[in-house]
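Secondary and tertiary structure notes
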Amino acid sequence: MKPLVRVAAGQGFWGDWLEAPRRQVEGGPIDYLMLDYLAEVTMSILQKQKERDPAMGYARDFIGAMESVFPAVAARGVKVIANAGGVNPDACAKAVGAAARSAGVAAQVKLGIVTGDDLLPRLDALLAAGHALKNMDTGAPLSSVRDRVLSANAYLGSRPIVDALARGANVVITGRSTDTALTMAPLRHEFGWGAEDWDKLAAGIVAGHIIECGAQCSGGNCLRDWRTIPDLANVGYPIVEGAPDGTFLVTKHPNTGGRVDVSTISEQLVYEMGDPKSYITPDVIADFTSIQLENSGKDRVRVHGIRGRPPTDSLKVSIAYRAGYKAVGTLVYAWPEALDKAELAGRVLRERLNRLGLRFDEVRTEFVGASATHGALAGAPSPDLAEVQLRVGVRGEDRKMVERFTRELAPLVLNGPPSVTGFAGGRPKVEDVVAYWPALIDKREVTPQVRVEAA
Amino acid sequence: MKVRLLDLAHARSGDKGDTANVGVIAFKPEWFGVLRSHLTAERVAEHFKGEITGPVQRFELPNLLAVNFLLHGALGGGGTLSLKTDAQGKVFSTAMLRLVLDIPDGEAQALKLPEAPR
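Remember, predicted model here, so these are calculated numbers, not experimental data.

In terms of helices and strands, chain A carries 12 helices and 19 strands. Radius of gyration (C-alpha) of chain A: 24 Å, near the 23 Å computed for a compact globule of 455 residues. Judged by the C-alpha coordinates and their principal axes, chain A covers about 75 × 55 × 45 Å. For chain A, the proportion of contacts with a sequence separation of at least 24, taken over those separated by at least 6, is 76%.

Written out as structure tokens, the structure is:
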């Protein structure tokens, strides 16, 4: 058994820094490159792409990332684990295989493909068998939106990834795996942690939570002492150095920017946190109140003491459904009395929408520069604001009405309050709203599948 | 004595559906007690009154010198439904730090808390 395994985070979401994966494999020694592409609504976007083209439906950025790291995978034995498969892991694997052949490294690449998370083909059977798939937030049964469902995927845990690694895969592609499993699985595989080593599994999950958002734990988006965080242009993405006993260090490559200390790690630990005693995953429930952090040299934080307990009998299911249309438009009003002008424009616009008889589920008016993000907590704005952006959004079931709204902003430039600009972008775009429906399902209904094959 | 949360703690926020979470982390171990006794769910609910439509839940993480809050009904429906600029609650953290606590003078002096600018 290796005494230490390094798992490096190279993407925190689909759209993250394209340079990061290559920098992680070239900046120093690592054993695993972990790439997290899937946010809650990503699956539905991918599902729509797959409907248009059956060869799509995965995170395309992953292919470019693989091209940039193939030399390290082929020559240095770095393994890659990514949930880039989205709703089409097979197509993703095909594209990676083709890229490996083009790069001349196909002989060194063994693909592991994890499927079984996709419940869409079985959805009606599951509902008929009495699985209500109630919305975890509202309690509503899925039947109320069944005809609008676009995708339904169970969050899989570490087991299938561990299986793929055990069978020799060095590039593991999953669909909807939990973000944290992508980091925990290689530690579990390397150290031989059992399915009931609760504390160690929980430690792997905490390691995953810390690095799953990429540089957000290594100086990115860090509020404390933000002015003093060095060289963000050259920010280092995080690396977990795991030990067999479940303790680990978080660090980053030398000669990179950013910062890793107890403060940057603490901020990331509380990110998207619910009840800290019960961080529920398919493998284990981790207790975030047990985590001990210590600064252990420059840009090194030691993490230990983590406790875990057995998981629940359910898996979370991420369901996406069509929920109407929306559009958001903006105009910029300049000094003097910028906010007053923007407010008047907002009222004029509303009155015109009303007179047109347009009905929406919601109309939202915000004043960027005065109160858009903090609302009334922002207090009275300075009377001398240089400019204020009027931002109006509408959402509704009727696409025509949302489209009509998008025609009502530009006229205000000439027939509304003065000192207005910033309309160069043209009419707002009407967007399909794809909403998220979190649900639970009995674990026994979901069977992960693993395929390992040559590239 | 009036003390700004901004001077006692840093924070990060995120989303889960229509709920924003805000983790507030004390700058110094000895200041965590101030968060513990004064930064209550009721005080936070009062601070965000009119800005959120649901209740406030509170959890302590003494190991991180942190208190985690769940602000329900904070994100205009949440996720893709929301029309808010901050649909994912990313800057509820700094809205939280606008909160000003009233700390008994003796306690504030003993802990060397920075007084809010008048």
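Let us now look at the overall build of chain B. Counting its secondary structure elements, chain B contains four helices and six strands. Seen in sequence order, chain B has helices and strands lined up from the N terminus as β-β-β-α-α-β-β-α-β-α. In summary, chain B has a C-alpha radius of gyration of 14 Å against a globular reference of 13 Å for 118 residues, a match within 12%.

Further remarks concern helix H7 (residues 181-191) of chain A. All names here are of chain A. Within H7, nine of the 11 residues are buried, which leaves the element mostly enclosed by the surrounding structure. Looking only at H7, the buried set comprises Ala181, Leu182, Thr183, Met184, Ala185, Pro186, Leu187, Arg188 and His189. Buried-residue contacts for H7 involve strand E1 (5-11), strand E2 (32-35), strand E3 (79-82), helix H6 (159-166), helix H8 (198-211) and strand E7 (239-242). Downstream of H7 by one or two residues, Gly192 has phi in the positive range, about 65°.

Another point: the packing of helix H3 (residues 61-76) of chain A against helix H4 (residues 89-102) of chain A. Residues and elements named next belong to chain A. One way to put it is that H3 packs onto H4 with a least axis distance of 10 Å and a crossing angle of 35°. Here the hand of the crossing between H3 and H4 comes out right-handed. Where H3 abuts H4, its residues Phe62, Ile63, Met66, Glu67 and Phe70 lie against Cys92, Ala95, Val96, Ala99 and Ala100. Considered class by class, the residues forming the contact of H3 with H4 number nine nonpolar, no polar and one charged.

Residues and elements named next belong to chain A. Taking burial as the measure, the six residues of strand E4 (residues 110-115) include five buried ones, the bulk of the element. Note: E4 against strand E19 (residues 449-454), six bridges, orientation antiparallel. Bridging from a neighbouring strand, Thr115 pairs with Gln449 of E19. Strand direction decides the pairing type here: E4 and strand E6 (residues 171-174), joined by four bridges, are parallel. Bridge assignment links Gly112 to a residue of E6, and that residue is Val172.

Residue and element names in this part refer to chain B. The strand order across the open sheet built from four strands is E2-E3-E5-E4, with neighbouring strands paired in antiparallel fashion. A strand with exactly one partner marks an edge of an open sheet, and here the two such strands are strand E2 (9-16) and strand E4 (56-61). The sheet shows a mean angle of 20° between the axes of neighbouring strands, direction not considered. Pairing of E2 with strand E3 (residues 19-26), which is carried by eight bridges, proceeds in the antiparallel orientation.

Before going further, it helps to spend a moment on the domain arrangement of chain A. What the domain assignment reports for chain A is domain 1 (5-117 + 155-312) and domain 2 (319-437). Distance between the C-alpha centres of domain 1 of chain A and domain 2 of chain A: 38 Å.

Every contact between the two is made by 32 residues of chain B and, on the other side, 42 residues of chain A. Every element with two or more residues in the side of chain B that touches chain A is listed here: E2, E3, E4, strand E5 (66-71) and helix H3 (92-96) of chain B. Top element by residues in the side of chain B that touches chain A is E2(B). It accounts for six residues. The residue inventory of the side of chain B that touches chain A, partitioned by class, reads 11 nonpolar, 13 polar and eight charged.

A few words on the sheet that holds strand E9 (residues 279-280) of chain A. All names here are of chain A. Pairing within the open sheet is antiparallel, and its three strands lie in the order E9-E10-E13. Only two strands of the sheet have a single partner each, and these edge strands are E9 and strand E13 (307-309). Pairing of strand E10 (residues 285-287) with E13, which is carried by three bridges, proceeds in the antiparallel orientation. Bridge pairing in E13 links Ala286 to Gly308. Of the strands in this sheet, E9, E10 and E13 are in contact with H8, which crosses E13 at around 110°.

Now for unusual backbone geometry. Residues and elements named next belong to chain A. Across the junction of Trp335 and Pro336, the peptide omega takes the value 0°, indicating a cis bond. Take Pro336: it is sitting in the loop between strand E14 (314-334) and helix H10 (338-355). A positive phi angle, near 55°, is found at Asp299, a position not held by glycine. With respect to the secondary-structure elements, Asp299 resides in the loop between strand E11 (292-295) and strand E12 (301-304). Positive phi values are uncommon outside glycine, yet Glu337 reaches one of about 60°. Mapped onto the elements of the fold, Glu337 is located in the loop between E14 and H10. On the neighbour-count criterion, Glu337 (18 C-beta atoms within 10 Å) is partly exposed.

Rules used throughout
Residues numbered from 1 in each chain as written. Chains lettered and ligands numbered in written order. Predicted model: local features only at pLDDT ≥ 70, side-chain atom pairs only at ≥ 80, totals over all residues. Helix = DSSP H or I, 4+ residues; strand = E, 2+ residues; numbered from the N terminus. Rg over C-alpha atoms; globule rule 2.2 N^0.38 Å. Contact = placed C-beta atoms within 7 Å. Buried ≥ 20, exposed ≤ 12 C-beta atoms within 10 Å, placed from the backbone. Axes fitted to C-alpha atoms, helices over the stretch in contact; angles between N-to-C directions. Left-handed = near helix turned anticlockwise from the far one by under 90°. Nonpolar A, V, L, I, M, F, W, Y, C, P; charged D, E, K, R; others polar. Pairing = 2+ DSSP bridges. Domains from an automatic or database assignment.

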